[in-house]
Amino acid sequence: MTWSAAQREYMSRALEVAEKGRGQVRPNPLVGCVLVKDGFVIAEGWHDHLGGLHAEQMAIHDAEEKGHNTNGSTAYITLEPCNHFGRTPPCTEALLWAGIGEVIIAHGDPNPLVRGDGISVLEEAGIKVQSGLLENEAAEQMREFLHWCENRRPYVTVKVAIDANGSVDDLSKDAARFTSDECLKHVHNLRKDCCAILVGANTVIRDDPSLTVRLVESERQPIRVVIDPNNRIDPNSKVLNDGFATRHLTSGFRGLPALLDMLGDLEIQRLLVEGGPTTINYFLEEGLVDEFILVQSNAVHTTPVNSNFDLTSFSSVEEKTWGEESVKIYTR
Ligand SMILES: [Zn+2]
C-alpha cells in the first residue's frame, strides 16, 4: 500500500489530536479522527475521557458545529471504528449516518470482541475502507492498550532516580527527593498516564509517600499498590489514610505474576513501579519489566545505597532530559 504525503499528514494530525485524551480514557485506547473534504480538514475529534464521545462521533459533531456537511468526506481514524454497543453507540453507525464516503484506518482493533467487524460493516454498506496508514505510529501511541489486550496484564514501567554515582538513596539523611522540580513534574505526568503505582513496604516505611498526581491536572488518581507480605507498614501511612484507593497486599500476596494477573483483571493497563531497589530487582529478576526509566541527577550521596540494576536484557535506549536530570528510557 502506498500513501500520499497528504494522507500521511491527515493521519499524523489524527494521531496528534488523539494525544489530548492521554491519562483520561483508560481502559479505552487513545483514538483520534479527522474528517477531510475537498482537500481540507473540516473537523477533528478525539476520545477525550472515559464515558465521553468516541473520536469519530466527536469529529462528526465538530463538523456540524462548524456548519460543514460531512457527506462524501473521508475519515482518517487511528483505530478501527467500534461496531458494538459499549459505553456509547457504535461508531460505524455514526459514520454511516454522517454519509462518510471513505474511511482510512491506522490500526485494526485488537479487542477480540470487535476484531475486523467495524471494517466489514462499513464495507458492506458501500464505504471504501483502507487500513495500515501510519500503523506503527498508532501502535506506539496505544502501546499499553495493545499489550493489555494481548497479555491481560499491565505494561510495567519502572521509574527510579539515582545520584551521579548510581546510588538510589542517601542513608546519611532523612528520606528526601534529590531531583529537580521540573523533573518532578515529568514524574507526575508519568503517574497521570499510569493506572496504578506500586511500591514495596520499605519505601512506605522510609518515605511515607502519597504517590498521587498533584503537579499536573488530573481527574483521576492511580490506585496505589503496596507489597507488604509481613504487614510492616504503619497503619497511619498516607497511602492508607488519604482517601484515595490503595491495595495493601499483606499475607495474601502470591508473587508478582499472580499480582500482574490480578491487576490485568482490574483493567490496569499500565503499572508504574516506583519502589526501592529490592522491589525493582524482584521485577527485573522475574523478567516482568517492559520499560525502565532511569533518572540520573548530579547530586552525590554521602552514604550511598548502590543499585546495580541489571539492564542487559533491554535492547533499546532513548535519552531525554527532565529538568536538570538526564533520563535513559530502556525498552525491550
Ligand atoms: Zn467507537
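Refer to the structure presented above.
Residues numbered from 1 in each chain as written. Predicted model: local features only at pLDDT ≥ 70, side-chain atom pairs only at ≥ 80, totals over all residues.

Participant: Give a description of the sheet that holds strand S4 (residues 102-107) that names residues and reports values.
Facilitator: In space, the five strands of this open sheet follow the order S2-S1-S3-S4-S5, with mixed pairing throughout. At either end of the open sheet lies a strand with only one pairing partner, and these are strand S2 (40-46) and strand S5 (128-131). Averaged over all neighbouring strand pairs, the angle between strand axes comes to 15°, with direction disregarded. In this structure, strand S3 (residues 74-79) lies alongside S4, joined through five bridges in parallel fashion. Directly across from Thr74, in S4, lies its bridge partner Glu102. Helix-sheet contacts for helix H1 (residues 5-18) involve strand S1 (32-37), S2, S3 and S4, and the interaxial angle to S1 is about 145°. Here helix H2 (residues 55-65) sits on the sheet and contacts S1, S2 and S3; the angle it forms with S2, its principal contact strand, is near 135°. (Pairing = 2+ DSSP bridges. Helix = DSSP H or I, 4+ residues; strand = E, 2+ residues; numbered from the N terminus. Axes fitted to C-alpha atoms, helices over the stretch in contact; angles between N-to-C directions. Contact = placed C-beta atoms within 7 Å.)

Participant: Can you lay out the sheet that holds strand S11 (residues 270-273) for me, pointing to particular residues and giving the numbers?
Facilitator: What the eight strands build is an open sheet, ordered S10-S9-S8-S11-S6-S12-S15-S14; its pairing is mixed. Strand pairing shows two members of the sheet lacking a second neighbour, strand S10 (246-249) and strand S14 (316-322), which therefore form its edges. Strand-to-strand twist across the sheet, computed as the mean angle between neighbouring axes with direction ignored, equals 20°. Sheet topology note: the strand S8 (residues 196-200)/S11 ladder contains three bridges and is parallel. Of the residues in S11, the one forming a bridge with Ile197 is Leu272. Strand contacts of helix H7 (residues 181-192): strand S6 (155-162), S8, S11, strand S12 (291-296), S14 and strand S15 (325-331), with the helix running at about 125° to S14, the strand carrying the most contacts.

Participant: Give a detailed account of the pairing of S2, specifying residues and quantitative values.
Facilitator: Of the pairings in the sheet, the one linking S1 to S2 comprises six bridges and is antiparallel in character. Paired with Cys33 across the two strands is Gly45, which belongs to S2. Between the end of S1 and the start of S2, which pair antiparallel, lie two residues, with Asp38 showing a positive phi angle near 50°.

Participant: Describe the environment of Asp163, with residues and values.
Facilitator: Note on placement: Asp163 falls in the loop between S6 and strand S7 (167-170). Asp163 sits in the buried class, given 22 other C-beta atoms within 10 Å. If near-sequence neighbours (up to four positions away) are discounted, Asp163 is found in contact with Phe178, Ser297, Ala299, Val300, His301 and Pro304. (Buried ≥ 20, exposed ≤ 12 C-beta atoms within 10 Å, placed from the backbone.)

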